[in-house]
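# Secondary and tertiary structure notes
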Amino acid sequence: MLVVTCPICNASGDETDFHYGGQAHVRRPATADPLNITDEEQRDYLFIRHNPKGLHFERWRCDRGCGKWFHAARDTVTMEFKATYGITELPPVELMKEAKGPWADYFKMRMKEKA
Amino acid sequence: MKSKYSIFSLARNAKNYHKDWEKAWRSPAPKAEYDAVIVGGGGHGLATAYYLAKNHGLTNIAVVEKGWIGGGNTGRNTTIIRSNYLQDSSIAIYELARSLYEGLSQDLNYNMMFSPRGVLMLCQTEHEFRAFKRTAHANRLAGLDCRMVTPAEVKEIVPIINTDPNCRYPILGAYYQPRGGTGRHDAVAWGYARAADALGVDIIQNCEVTGITREGGRVTGLSTTRGEIKSKKIGVVTAGNVSTIMDMAGVRMPIESLCLQALVSEPIKPVIDCVVMANTVHGYMSQSDKGELVIGGGTDPYNNYSQRGSFTALEHTVTALVETFPIISRLRMLRQWGGIVDMTGDRSPILSKTEIEGLYVNCGWGTGGFKAIPGSGFVFADTMANDRPHKIAEPFGLNRFAEGRLIDESVAAAVAH
């Protein structure tokens, strides 16, 4: 059983009190450039999943509390929640450093945009 | 040459107090190079190796497995075999598998105890009833031996079922595949391993792949915990761990790994002689030859590599089955376990070449891979041997995700996803 705490309203409960929303930090390419999107970009957005054994960034919804969506960083082997944070926010810096694959690129890009 | 298993070999060995049975397969050290290597020693991987050797004459091949063969999902499932899917391409591959299962014990000279005891899929809502009727029509057009049955017939087939029309999810009918059933899952892995080994295939256990070496656009071999193995053809058949392995070759997969659990009760006298799947309430049940009720349900919704599911999913499954079979309410459960299943977006498998020459992938069987083992191995071996998709494997290519040509079984597969 997972014990989840909502970072918005601080409600705590097991996974039945929350709703899992899959991989987080995926950018929809058609939003930026709807006319020039390729089939491969659309495939990556819709179907390709970063599916690591270890640190996973994901979305959850606080079903029986405030109803808000939020982000979580969780280990897919130990099930430990490393952090939860708002839906528009980035994970804590040390977790961004640990991130691999497309997430690492995404966080770098977002940090550049911020700077 | 291996000695054949038969009543005579049993009698001969009984005389020697069973001390002289030869090992069912060798445990060779990996060679430096093979013509083809299969990563993953589950049912699908072993079947691929067997058909590569038997149908395509490739005998200088190896299966590498990080644990022991059949220790993953092949030994963790609820052993249901059926082929009544909705889409034509699904019907083709699952029915090929089901029909191969019929003669598999003879083909492998290993009793995998295929028991065509019938699979009954309950309709517990109007919507489910209509959906199964649609599947029934599709299956009849494809020539499958399946039919809809009434609640009275359901009661006749499974007397312990609750057909009270006033319960929360009353049984409105069922979709019945009498030629479906169950098999002995470990024996499928062991039988394929023994038969492949007899044809010269090296089965290398406790050998974890740590890297896939490439040169230009093609594979050249594997790095493993037991050294480098060269090969120009590599087939990745690693179910829940497929993303991890394919990452090593830089191929990103449309897969999420989830945990699916199963459990068995204490053994009781025979009470149910077919498989019952209750998909609206998420639970399915059959009885093993030992008398245990074998129970499965839905996956936990979140990504998981731990092979341990949540209590929530178990409680949900058991609650549903107690309502469907009130007789089981006081049974104690003996064991529970989890396996990591590889889910695709359309809930159909992937049997495919990849953008890297010589690298093939067979995965995405999700919650329903056991039933497909012989068919999957058969067409994947053909795909690898001839470097082009087998006709039945063709629709299941990785390219379908970019082409928007999905094989949607997410509702029609009629299993609790």
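Computed from a predicted model, the values in this text were never measured in an experiment.

Criteria and cut-off values
Residues numbered from 1 in each chain as written. Chains lettered and ligands numbered in written order. Predicted model: local features only at pLDDT ≥ 70, side-chain atom pairs only at ≥ 80, totals over all residues. Heavy atoms only, no water. Helix = DSSP H or I, 4+ residues; strand = E, 2+ residues; numbered from the N terminus. Rg over C-alpha atoms; globule rule 2.2 N^0.38 Å. Buried < 20%, exposed > 50% of the residue type's maximum accessible area, 1.4 Å probe, protein only. Contact = heavy atoms within 4.5 Å. Patch = residues over 30% accessible without salt bridge, like charges linked within 9 Å, V, L, I, M, F, W, Y side chains within 5 Å. Areas by Shrake-Rupley, 256 points an atom, 1.4 Å probe, with all protein chains shown as cover. Salt bridge = Lys/Arg side-chain N within 4 Å of Asp/Glu carboxyl O. Lys, Arg positive; Asp, Glu negative; His and termini not counted. Charge placed at Lys NZ, Arg CZ, Asp CG, Glu CD. 1 Å grid on protein atoms, 1.4 Å probe; cavity = no way out; pocket = protein on both sides within 12 Å on 5 of 7 lines; lining within 4 Å. Points joined across faces, edges and corners; volume = space filled by probe spheres on them. Nonpolar A, V, L, I, M, F, W, Y, C, P; charged D, E, K, R; others polar. Axes fitted to C-alpha atoms, helices over the stretch in contact; angles between N-to-C directions. Parallel < 35°, antiparallel > 145°, perpendicular 65-115°, else oblique. Left-handed = near helix turned anticlockwise from the far one by under 90°. Phe/Tyr/Trp six-rings, centres within 6.5 Å; stacked < 30°, edge-to-face > 60°. Lys NZ or Arg CZ within 6 Å of the ring centre and 35° of its normal. Buried area = accessible area lost by both parts, 1.4 Å probe. Polar contact = N/O pair within 3.5 Å; in protein donor to acceptor, adjacent residues only side chain to side chain. Pairing = 2+ DSSP bridges. Right-handed = clockwise from strand over helix to strand, strands pointing away.

## Considerations on the overall build of chain B
Broken down by element type, chain B carries 11 helices and 20 strands. Taking 2.2 N^0.38 as the reference for a compact globule, 417 residues should give roughly 22 Å; the C-alpha atoms of chain B span a radius of gyration of 21 Å, in line with that estimate. Along the first, second and third principal axes, the C-alpha atoms of chain B reach 65 × 60 × 40 Å. Burial statistics for chain B: of 417 residues in total, 59% are counted as buried. Taking the contacts inside chain B whose residues are at least 6 apart along the sequence as the reference set, 76% of them involve residues at least 24 apart.

## Description of a negative patch on the surface
All names here are of chain A. Negative charge collects at one region of the surface, where Asp33, Asp39, Glu40 and Glu41 lie side by side. Considering the arrangement of structural elements, one finds aspartate 39 in helix α2 (residues 39–46). Accessibility expressed as a relative area gives 48% for aspartate 39, which makes it partly exposed.

## Observations concerning empty space enclosed by the protein
Left-over empty space is what a probe sized like a water molecule reveals as it rolls over the atoms. Per the stated rule, a full pass over the model turns up two cavities of 30 Å³ or more. Reported here for the second largest cavity is a volume of approximately 40 Å³. Lining the second largest cavity, in full, are Arg49, His50 and Asn51 of chain A together with Ser243, Asp247, Val251, Arg252 and Met253 of chain B. Considering only residue class, the lining of the second largest cavity consists of two nonpolar, three polar and three charged.

## Focus: the packing of helix α2 (residues 43–56) of chain B against helix α7 (residues 185–198) of chain B
The axes of two packed helices give the description: the angle between them and the distance between them. Residues and elements named next belong to chain B. Between α2 and α7, whose axes approach to 9 Å, the crossing angle comes to 30°. Judged on the interaxial angle alone, α7 and α2 are roughly parallel. Once α2 is placed against α7, the crossing between them reads as left-handed. Each of Leu46, Ala47, Tyr50 and Tyr51 in α2 lies in contact with α7, whose residues at this interface are Ala189, Tyr192, Ala193, Ala195 and Ala196. Split by residue class, the contact of α2 with α7 holds nine nonpolar, no polar and no charged.

## Here's the deal with a nonpolar patch on the surface
Judged by side-chain polarity, Ile7, Phe8, Leu10 and Trp21 of chain B come together as a nonpolar surface patch covering roughly 450 Å² of accessible area. Inspection of the secondary structure puts phenylalanine 8 of chain B in helix α1 (residues 7–15).

## Notes on the packing of aromatic side chains
Counted under the stated rule, the structure contains 20 aromatic pairs over all chains. Between phenylalanine 18 of chain A and phenylalanine 70 of chain A the ring centres are 6.0 Å apart and the planes differ by 90°, which places this aromatic pair in the edge-to-face class. Of this pair, phenylalanine 18 of chain A sits in the loop between β2 (12–14) and β3 (19–23) while phenylalanine 70 of chain A sits in strand β5 (residues 69–75), and the two are 52 residues apart along the sequence. Connected via pairs of aromatic rings, a cluster forms that spans Tyr20, Trp60 and Phe81 of chain A together with Tyr302 of chain B. When the ring centre of tyrosine 169 of chain B is taken as origin, the NZ or CZ atom of arginine 168 of chain B, which lies over that ring, is 4.2 Å away.

## Some points on the interface of chain B and chain A
At the interface, 23 residues of chain B touch 24 residues of chain A. Roughly 2,100 Å² is buried in total at the junction of chain B and chain A, and carbon and sulfur atoms are behind 57% of that figure. On the chain B side of the interface with chain A, the three residues burying the most area are Arg252, Tyr302 and Tyr305 of chain B, jointly 32% of the side's total. Put simply, chain B and chain A have zero salt bridges between them. Scanning the region where chain B abuts chain A turns up 12 residue pairs in polar contact (both at pLDDT 80 or more). Looking at the side of chain B that touches chain A, the elements that each hand over two or more residues are α8 (242–248), β14 (256–265), β17 (293–303) and α11 (400–403) of chain B. Considering each element in turn, the side of chain B that touches chain A owes the most residues, three residues, to β17 of chain B. In the side of chain B that touches chain A, the residues fall into nine nonpolar, nine polar and five charged.

## Focus on the sheet that holds strand β12 (residues 227–231) of chain B
Residues and elements named next belong to chain B. The four strands lie next to each other as β1-β12-β11-β10, forming an open sheet whose pairing is mixed. Two strands lie at the open edges of the sheet, namely β1 (33–34) and β10 (209–215), each paired on one side alone. As judged from the four bridges shared by strand β11 (residues 218–224) and β12, these two strands associate in the antiparallel manner. Along β12, the bridge assignment pairs threonine 224 with glycine 227.

## Some details on the environment of serine 265 of chain B
All names here are of chain B. Structurally, serine 265 is set in strand β14. Along the sequence, serine 265 and glutamine 336 sit 71 residues apart, while their C-alpha atoms lie 9.2 Å from each other. Apart from residues lying up to four places away in sequence, serine 265 is in contact with Glu292, Leu293, Leu331, Arg332, Met333 and Leu334. At a separation of 3.0 Å, a polar atom in the side chain of serine 265 contacts the main-chain amide nitrogen of leucine 293.

## Side note on the sheet that holds β14 of chain B
Residue and element names in this part refer to chain B. On the basis of which strands lie adjacent, the open sheet formed by eight strands has the order β6-β7-β5-β15-β16-β17-β14-β18 and mixed pairing. The sheet terminates laterally at β6 (147–149) and β18 (333–343), the two strands that pair on one side only. Ignoring strand direction, the axes of neighbouring strands in this sheet form an average angle of 25°. Where β14 and β17 come together, five bridges link them in antiparallel fashion. From the neighbouring strand, leucine 258 faces β17, where its bridge partner is asparagine 303. With respect to the sheet, helix α9 (residues 311–324) is in contact with β5 (119–123), β14, β16 (283–287), β17 and β18, its orientation differing from that of β17 by roughly 140°.

## Brief notes about the pairing of strand β3 (residues 61–64) of chain B
For a regular strand, the rule is simple: side chains alternate between the two faces of the sheet. Residues and elements named next belong to chain B. Side chains Ile61 and Val63 project from β3 onto one buried face, and the interleaved Ala62 and Val64 project onto a second face that is buried too. Pairing of strand β2 (residues 36–39) with β3 involves four bridges; the strand directions are parallel. If you follow valine 39 over to β3, its bridge partner there is valine 64. For the crossover from β2 across α2 to β3, the handedness is right-handed. Of the pairings in the sheet, the one linking β3 to strand β9 (residues 202–204) comprises three bridges and is parallel in character. Looking at β9, one finds that valine 63 is bridged to isoleucine 203.

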